[in-house]
Amino acid sequence: MKTLTFRNNDQMPAIGLGTWKAPEGEGYKALREAIRLGYRHIDCAHLYMNEKELGRALHDAMAEGDVSRKDLWITSKLWNNSHKKHQVKPALETTLADLQLDYIDLYLIHWPVVIKDDVVFPSGVEDLVSLDEVPLEETWAAMEDLADEGLARHIGVSNFSVKRLEQISKNARIKPEANQVEGHPYLQQNDLLDYCKANGIAVTHYSPFGSKDRPEHFKMGDEPELLEIPEIIALAEKHDCSPAQIILAWAVGRGASAIPKSVNPVRLKQNLEAYKIELSAQEIEDLKKVDKNYRFIVGKFWAVEGSPYTLEGLWG
Ligand code: A2P
C-alpha cells in the first residue's frame, strides 16, 4: 500500500476505509472483512454513531489475530458540540472507549463550526454557537494537549480552508498535520492541496464517489454522477479497471489519501486494490479540466439564515 508520510515519519496508508453511513449491523461485518482484505487505515467519527460497533470489530480482529494494533491507522473526529477546552479530552476518551483503543492515530476537529453542548445536530440557528464564543484556537490548544499526552499520535482538522488553517497555525505549538476534505475530480481544490503539501499537512479526500448513499435531506437536487464522467470512463478503459478505481488512483497519484466507504466485499476489495493503478503525471494534469468546484457536502446546515456561519466564510 502507498502511504503518506507524517512529520515524524509515521506512515498513513493512502487508501482507507470510510465508515460514515455504514448502517447499524453492517459496520461490524464490513470492517472485519476490510481488515481481512488488507485495509489498515480506518476513518471513524463520533458523529457517525457507529464507533461502538466498529470497536467490537477492531477488538475481535485483534483478538483473533487478523491484525495487530501497531499495524492499524485509526482516525476519529471531535464533534462540534465538544469544542470547549474542558470538553475535548472527554470527547476523545469516549471515542477511545467506544473503539476499544488506548490511543488514536489521528484525531481531527470535524468542522470549524461550534454547536451547543446538548445538541447533536442543529435544527435551527438557535443551536449554533459563534466562533467568537468558542474560538478554534481554544479547541486547537486542547487538541495539542491530547498529542502531548499521547492519546492522539497526530492531530489535524477536517473541512478547513487555507484561511482557517492559517488561523490555527499562527500560534500553534503543534501545527495541524492533516486536513480531511471532500475531494474528487469535480472538487479538486488544487490551491488547498498545494498549500497543505507546502506546509506538511496530509490531505485526505472524503466522499470520493460523491456519497450517493447519504440521507436525501442532505442532498441538493440533480447531483452529478462521478462514476459516469466521460474522461474517467476513458481512463478506466485504458487502465482496464473500474471508474471508481480511477478516482482513487487519481487521489493517490496527486499525493492525497482517500477513504471510500463500502460495506460490499467486492467493492471493498476493488477500492483497496486501486492503489496499484498508476496514473501518469500527464493524465492527472489532463483531469484538471474536469474540475467544476462542485461540492456534494455543501455545509448548508451550518449556514442557515441568521447563522454566524456563511458558506463563503466556511470555504472561502
Ligand atoms: P456500497 O457501500 O454498497 O459499496 P463515498 O465513499 O463517496 O461516500 O461513496 C459511498 C457510496 O459509493 C456507497 O453507496 C457505496 O456503496 C458506493 N461504492 C463504494 N465503492 C464503490 C465502487 N467501487 N463502485 C461503485 N460504487 C461504490
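The shown structure was predicted, so the numbers you read here are calculated from the model rather than taken from an experiment.

Draft legend 1. Local environment of the site of the ligand. Taken together, 17 residues sit near the ligand, with Ser211, Lys261, Ser262, Arg267 and Asn271 positioned nearest. Between Phe209 and the ligand, the recorded distance is 2.9 Å, taken from a backbone N or O atom to an oxygen atom. Here a nitrogen atom of the ligand sits 2.9 Å away from a polar atom, N or O, in the side chain of Gln270. Within the complex, the protein chains bury 83% of what would otherwise be the 570 Å² of accessible surface of the ligand. Judged by the proximity of its atoms to the pocket grid, the ligand belongs to the largest pocket. The element that contributes the greatest number of residues to the shell around the ligand is helix H9 (residues 265-273), accounting for 3 residues.

Draft legend 2. How the structure looks around helix H6 (residues 190-198). Where H6 is concerned, the buried positions are Leu192, Leu193, Tyr195 and Cys196. Viewed end-on, H6 has its buried residues packed into an arc of 160°, placing them on one side of the element. Among the exposed residues of H6, those oriented more than 90 degrees off its buried face are Asp191 and Ala198. Looking at the buried side of H6, the elements it contacts are helix H5 (162-170), strand E10 (178-182) and strand E11 (202-206). At the exit of H6 stands Gly200, carrying a positive phi of roughly 65°.

Draft legend 3. Spotlight on the nonpolar core. Within the largest apolar cluster, 100 residues are counted, with the highest numbers of intra-cluster contacts made by Ile74, Ile104, Tyr107, Trp111, Met143 and Trp302. Residue contributions to this core peak at 8 residues, all from helix H8 (residues 243-253). In this view, Tyr107 contacts Ser76, Lys77, Leu78, Ala91, Leu92, Met143, Leu146, Ala152, His154, Ile155 and Gly156; residues no more than four positions away in its chain are not counted.

Draft legend 4. Representation of unusual backbone geometry in the model. In the Ramachandran plot, Ser207 falls in the positive-phi region, its phi being about 50° despite a non-glycine side chain. Looking at where Ser207 falls in the secondary structure, it is placed in the loop between E11 and helix H7 (230-239). Ser207 gets classed as buried once you look at its relative accessible area, which sits at 5%. Its identity is not glycine, yet Asp240 carries a phi of approximately 55°, on the positive side. Topologically, Asp240 is positioned in the loop between H7 and H8. The exposure class assigned to Asp240 is exposed, which follows from its relative accessible area of 72%.

Draft legend 5. Seen up close, the pairing of strand E6 (residues 104-109). Of all 6 residues in E6, 6 are buried, a share of seventy percent or more. Pairing geometry for strand E5 (residues 73-78) and E6, over 4 bridges, is parallel. Bridged to Lys77 within E6 is Leu108. The β-α-β motif built from E5, the intervening helix H3 (residues 85-99) and the parallel element E6 has right-handed crossover chirality. Note: E6 against strand E9 (residues 152-158), 5 bridges, orientation parallel.

Draft legend 6. Geometry of the layout of surface pockets. Of the pockets and cavities examined, the largest pocket occupies roughly 930 Å³. What lines the largest pocket is a set of 49 residues, and nearest its centre among them are Trp20, Lys21, Ser207, Ser211 and Asp213. Elements represented by at least two residues in the lining of the largest pocket include exactly H8 and H9. Of the residues forming the lining of the largest pocket, the biggest block, 3 residues, is contributed by H9. Its residues placed into classes, the lining of the largest pocket shows 25 nonpolar, 15 polar and 9 charged.

Draft legend 7. How the structure looks around the packing of aromatic side chains. Taken as a whole and judged by the stated rule, the model has 11 aromatic pairs. Aromatic pair Phe6 and Trp73: ring centres 4.9 Å apart, planes at 50°, arrangement tilted. In this pair, Phe6 is assigned in the loop between strand E1 (3-5) and strand E2 (11-13) and Trp73 in strand E5, connecting sequence segments 67 residues apart. By relative accessible area, which is 4% here, Phe6 ends up buried. A centroid spacing of 5.0 Å and a plane angle of 75° characterise the contact between Tyr294 and Phe296, whose relative ring orientation is edge-to-face. The exposure class of Phe296 is buried, given its relative accessible area of 1%.

Conventions adopted
- For every chain, the first residue of the written sequence is number 1, and numbering continues from 1 onward in sequence order.
- Residues qualify for local features only when their pLDDT is at least 70, as the model is predicted, and side-chain atom pairs are given and counted only at 80 or more; totals for whole chains, interfaces and linings, by contrast, use all residues.
- Side-chain measures were taken over the full set of non-hydrogen atoms in the model, leaving aside hydrogen atoms and water.
- For each residue, the test is whether any non-hydrogen atom lies within 4 Å of the molecule or strand; if one does, the residue is near.
- Counting of polar contacts relies on pairs of N or O atoms within 3.5 Å, with two restrictions inside protein: one atom must be capable of donating a hydrogen and the other of accepting it, and residues adjacent in sequence are counted only when both atoms are side-chain atoms.
- Working definition of accessibility: Shrake-Rupley area with a 1.4 Å probe, residue cover restricted to the visible protein chains.
- Residues are said to line a cavity or pocket when one of their atoms sits within 4 Å of a point; the points come from a 1 Å grid over protein atoms alone, cavities being sets where a 1.4 Å probe fits but cannot get out and pockets being open sets with protein on both sides within 12 Å along at least five of seven lines.
- To be counted as sitting in a cavity or pocket, a molecule needs more than half of its atoms within 2 Å of that site's grid points.
- Segments assigned H or I by DSSP are reported as helices when at least four residues long, segments assigned E as strands when at least two residues long, and all are numbered from the N terminus.
- Relative accessibility decides the category of a residue: with a 1.4 Å probe and only protein chains considered, values under 20% of the type maximum give buried, values over 50% give exposed, and everything between is partly exposed.
- Think of it as the arc spanned by the lines of direction from the helix axis to the C-beta atoms.
- Here a residue-residue contact requires only that any non-hydrogen atoms of the pair lie within 4.5 Å.
- For our purposes a nonpolar core is just a set of buried Ala, Val, Leu, Ile, Met, Phe, Trp, Tyr and Cys residues, chained together by side-chain atoms within 4.5 Å.
- Pairing between strands is defined by DSSP: at least two bridges between them are needed.
- Assignment of crossover handedness uses the view with strands pointing away from the viewer, where a clockwise path from the first strand over the helix to the second indicates a right-handed crossover.
- Grid points are joined across faces, edges and corners, and a volume is the space filled by probe spheres set on the points.
- Gly counts as polar in this scheme, as do all residues outside two lists: the nonpolar Ala, Val, Leu, Ile, Met, Phe, Trp, Tyr, Cys and Pro, and the charged Asp, Glu, Lys and Arg.
- Any Phe, Tyr or Trp ring, taking Trp's six-membered ring, that has another such ring centre within 6.5 Å forms a pair; planes under 30 degrees apart are called stacked, those over 60 apart edge-to-face, and the others tilted.

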